Amino acid sequence: MGNPSRESKLRLLPSVDEVLRHEDILELLARSPRGVVVEAVREALNDKRSEILSGEAPENLTAEESEYLALVVKKTVDAVQLSVRPKLRRVINATGVVLHTNLGRSLLSERASRAVSEVAANYSNLELDLDTGRRGSRYAPLEPLIASLTGAEAALVVNNNAAAVLLALSTMAAGREVIVSRGQLVEIGGSFRVPEVMAQSGARLVEVGATNKTYPEDYVKAISGETALLLHVHTSNYRIIGFTRETTVSELVEIGRQFSLPVMSDLGSGFLVDLSGYGLPPEPTVQEVVKAGPDVVTFSGDKLLGGPQAGIIAGKKHFIEKMKKNPLTRAVRIDKMTAAALEATLREYLDEAAAIKEIPTLKMLTLPVDELEQKANELSAVLQSRTGEKAEIKVERGISAVGGGAMPLADLPTAVVAVSPLAMSAGDLQAGLRQGLPAVLGRVQEDRLLLDVRTIGHHEFILLAEAVQEVLNK
Ligand SMILES: *Cc1c(COP(=O)(O)O)cnc(C)c1O
């Protein structure tokens, strides 16, 4: 048969109803919302129609109605499958960045994830005191845990550390002045800048010192009748090195004592265990900072603590009680899943050695390099067996980062699996892997895809290898 005209091709297109009666579409309808399927059929038909009109439709199609129907059905099935995939989905983190903010920061320990699914799927005593049968507080299980782990008198938990800083400033200093060193006016991830959070809280920022040096006298000179608070911000995501002088939390506490002013320390990342014995740079633990005597300390739940997104405020009872009464607290309160995950995470810390094994963030940060090398050899073997001749695979030494704006100078020696695809670029492999289910994120270097095993679980090896195989086979 010769080439049918455009008009006759258009006549061969099935109707929406015909497509909807096709067995593959019936099967699709059993699994997917009808509206989504019907919309996809319409779009597939429209696309085919415009292809025919523009002359793009394959000329070698014969004038068989069934052929057009099959094309539209396939297009519909593909489109629906793509559209019902969750947009927020699992990623295999092969970047080696342990606290990757774009990838959801910390992974929960097994106990913490179980606690989350338990309260998510069942009723719980979130705000009920089971002993008295009266109304309780969602913070009640957390407060004594935080107090005993950090040494603080009292505690409160909000949605994230940015909210913790906002709430603390708004409670302690709204309408008045807060003194901060110029070297500590940090920006974290673009959306949190100390001066902007300060403005939002209603407190007025008084900057003192220079970027690299701020002395205790600089704070003292800035104190006036308007001063409400002395603020110390841990420069967690950058370092000023060389000719520097920082006024420590202890020195601020001393000044605070002299002038009867409260002191707050925004720690950013909250470390409860000292990991310097594992090759990580020394960082102050929350306990050490609390011991120095500030009135309030704030830190994140999902950075080095390794728990859910949360902002923890630990401090003197008087200020914590005031914060609890601030209406902002209701606006930034944690939900039951966060409460469950945080309680379970904090409980892990009651046994420090166990915490390092059970909390994924701590475990990944402290993996010894010989273990990483062994892991890389195992992953390499799994990849080799799946990819055959399509890629060259090697194990190499590399460097992983802590991430999450923590320990910017730490270079953690690691082992990586380097994949050099033979028939495509490493960039194309990387782009293909991002579209997979689960998506895989690695790093491209010198036309090789580097997979850092520090952040890849053993249980993910097969999934990862299948994902690589699928992209290489395309
Ligand atoms: C990360 C960080 C914050 C913000 O914490 P989130 O939990 O991300 O809201 C605030 N201050 C410092 C110093 C930080 O490092």
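Treat the numbers as computed from the prediction; the structure is a model and nothing was measured.

Reading the values: rules and limits
Residues numbered from 1 in each chain as written. Predicted model: local features only at pLDDT ≥ 70, side-chain atom pairs only at ≥ 80, totals over all residues. Heavy atoms only, no water. Helix = DSSP H or I, 4+ residues; strand = E, 2+ residues; numbered from the N terminus. Buried < 20%, exposed > 50% of the residue type's maximum accessible area, 1.4 Å probe, protein only. Contact = heavy atoms within 4.5 Å. 1 Å grid on protein atoms, 1.4 Å probe; cavity = no way out; pocket = protein on both sides within 12 Å on 5 of 7 lines; lining within 4 Å. Points joined across faces, edges and corners; volume = space filled by probe spheres on them. Nonpolar A, V, L, I, M, F, W, Y, C, P; charged D, E, K, R; others polar. Core = buried A, V, L, I, M, F, W, Y, C linked by side-chain atoms within 4.5 Å. Domains from an automatic or database assignment. Pairing = 2+ DSSP bridges. Axes fitted to C-alpha atoms, helices over the stretch in contact; angles between N-to-C directions. UniProt positions renumbered as here; feature names shortened; annotations may be inferred. Polar contact = N/O pair within 3.5 Å; in protein donor to acceptor, adjacent residues only side chain to side chain. Salt bridge = Lys/Arg side-chain N within 4 Å of Asp/Glu carboxyl O.

1. Quick word on the side chain of Thr-387
At step 1: Position of Thr-387 among the secondary structure elements: in helix H18 (residues 369–387).
At step 2: Classification of Thr-387 by relative accessible area gives buried; the value is 4%.
At step 3: The residues touching Thr-387, leaving out its near neighbours within four places in the chain, are Ile-393, Val-468, Gln-469 and Leu-472.

2. Considerations on empty space enclosed by the protein
At step 1: One pass over the full model with this rule turns up 1 cavity of 30 Å³ or more.
At step 2: Computed from the structure, the largest cavity encloses a volume of approximately 40 Å³.
At step 3: For the largest cavity, the full set of lining residues is Val-165, Leu-169, Phe-192, Val-194, Val-197, Leu-231, Val-233 and Asp-266.
At step 4: At the level of secondary structure, the elements contributing two or more residues to the lining of the largest cavity comprise helix H8 (161–173), helix H9 (194–201) and strand S9 (227–233).
At step 5: Residue composition of the lining of the largest cavity, by class: 7 nonpolar, no polar and 1 charged.

3. Considerations on the nonpolar core
In summary, soluble globular proteins display a tendency toward joint burial of nonpolar side chains.
At step 1: Ranked by size, the top nonpolar core spans 73 residues in total, and within it Val-178, Met-323, Leu-346, Tyr-349 and Val-402 carry the most contacts.
At step 2: With 9 residues, H8 is the single largest residue contributor to this core.
At step 3: Shared between two domains, this core holds at least three residues of each, these being domain 2 (91–100 + 365–472) and domain 3 (110–352).
At step 4: The residues touching Tyr-349, leaving out its near neighbours within four places in the chain, are Leu-149, Leu-272, Val-273, Leu-304, Leu-305, Ala-355, Ile-359 and Leu-362.

4. What to know about the sheet that holds strand S13 (residues 391–400)
At step 1: Strand order in the open sheet formed by 4 strands is S13-S14-S17-S16, and the pairing between neighbours is antiparallel. Looking along the sheet, the strands with just one partner apiece sit at the ends: S13 and strand S16 (443–445). Adjacent strand axes in the sheet meet at a mean angle of 35 degrees when their direction is disregarded.
At step 2: Two strands pair when backbone bridges link them, and S16 and strand S17 (residues 448–452) are joined in this way by 3 bridges, in the antiparallel orientation. Across the sheet, Arg-443 pairs through a bridge with Leu-450, a residue of S17.
At step 3: Along the sheet, helix H19 (residues 426–434) contacts strand S14 (412–421), S16 and S17; its crossing angle with S17, the most-contacted strand, is approximately 50 degrees.

5. A word on the UniProt feature "modified residue: N6-(pyridoxal phosphate)lysine" (unreviewed entry) in the protein
At step 1: Cross-referencing UniProt, the feature "modified residue: N6-(pyridoxal phosphate)lysine" (unreviewed entry) maps to Lys-303 in the present numbering.
At step 2: Residue position: Lys-303 is located in the loop between strand S11 (296–300) and strand S12 (311–315).
At step 3: Not counting the four nearest positions on each side in its chain, Lys-303 is found in contact with Leu-99, Arg-105, Ser-106, Ile-188, Gly-268, Ser-269, Thr-361 and Gly-404.

6. Section: the layout of surface pockets
At step 1: As a volume, the largest pocket reaches approximately 890 Å³.
At step 2: Taken together, 33 residues form the lining of the largest pocket, with Leu-107, Pro-360, Met-364, Gly-457 and His-459 sitting closest to its centre.
At step 3: Among the elements of the structure, strand S1 (91–93), helix H6 (110–121), helix H16 (352–358), helix H17 (360–365) and H18 are those that each provide at least two residues to the lining of the largest pocket.
At step 4: With 4 residues, H18 is the single largest residue contributor to the lining of the largest pocket.
At step 5: Tallied by class, residues from the lining of the largest pocket come to 11 nonpolar, 10 polar and 12 charged.

7. Some points on the UniProt feature "domain: L-seryl-tRNA selenium transferase N-terminal" (unreviewed entry) in the protein
At step 1: Listed under "domain: L-seryl-tRNA selenium transferase N-terminal" (unreviewed entry) in the UniProt record, and renumbered for this structure, are residues 10–49.
At step 2: Secondary structure content for residues 10–49 is 85% helix and 0% strand, and the end C-alpha separation is 7 Å.

8. Some details on the sheet that holds strand S8 (residues 204–208)
At step 1: With mixed pairing, the 7 strands of this open sheet are ordered in space as S4-S12-S11-S10-S9-S5-S8. In this open sheet, the two strands that pair with only one neighbour each are strand S4 (154–158) and S8. Adjacent strand axes in the sheet meet at a mean angle of 25 degrees when their direction is disregarded.
At step 2: Pairing of S11 with S12, which is carried by 5 bridges, proceeds in the antiparallel orientation. Looking at S12, one finds that Ser-300 is bridged to Gly-311.

9. Re the environment of Asp-47
At step 1: Positionally, Asp-47 belongs in helix H4 (residues 34–53).
At step 2: Linking Asp-47 and Thr-298, residues 251 residues apart in sequence, is a C-alpha distance of 55 Å.

10. Examining the environment of Arg-347
At step 1: Note on placement: Arg-347 falls in helix H15 (residues 336–348).
At step 2: Residue class for Arg-347 comes out partly exposed when judged on its relative accessible area of 41%.
At step 3: With 205 residues separating them along the chain, Arg-347 and Leu-142 place their C-alpha atoms 9.7 Å apart.
At step 4: Side-chain polar atoms of Arg-347 contact the side chain of Glu-343, separated by 2.8 Å.

11. Side note on the pattern of salt bridges
At step 1: In the structure shown here, the tally under the stated rule is 23 salt bridges.
At step 2: Across the salt bridge formed by Arg-111 and Glu-348, the nearest N and O atoms sit 3.5 Å from each other. Linking Arg-111 in helix H6 with Glu-348 in helix H15, this pair joins segments that are 237 residues apart in sequence.
At step 3: Classification of Arg-111 by relative accessible area gives partly exposed; the value is 45%.
At step 4: Among the residues examined, Glu-348 registers a relative accessible area of 3% and is labelled buried.

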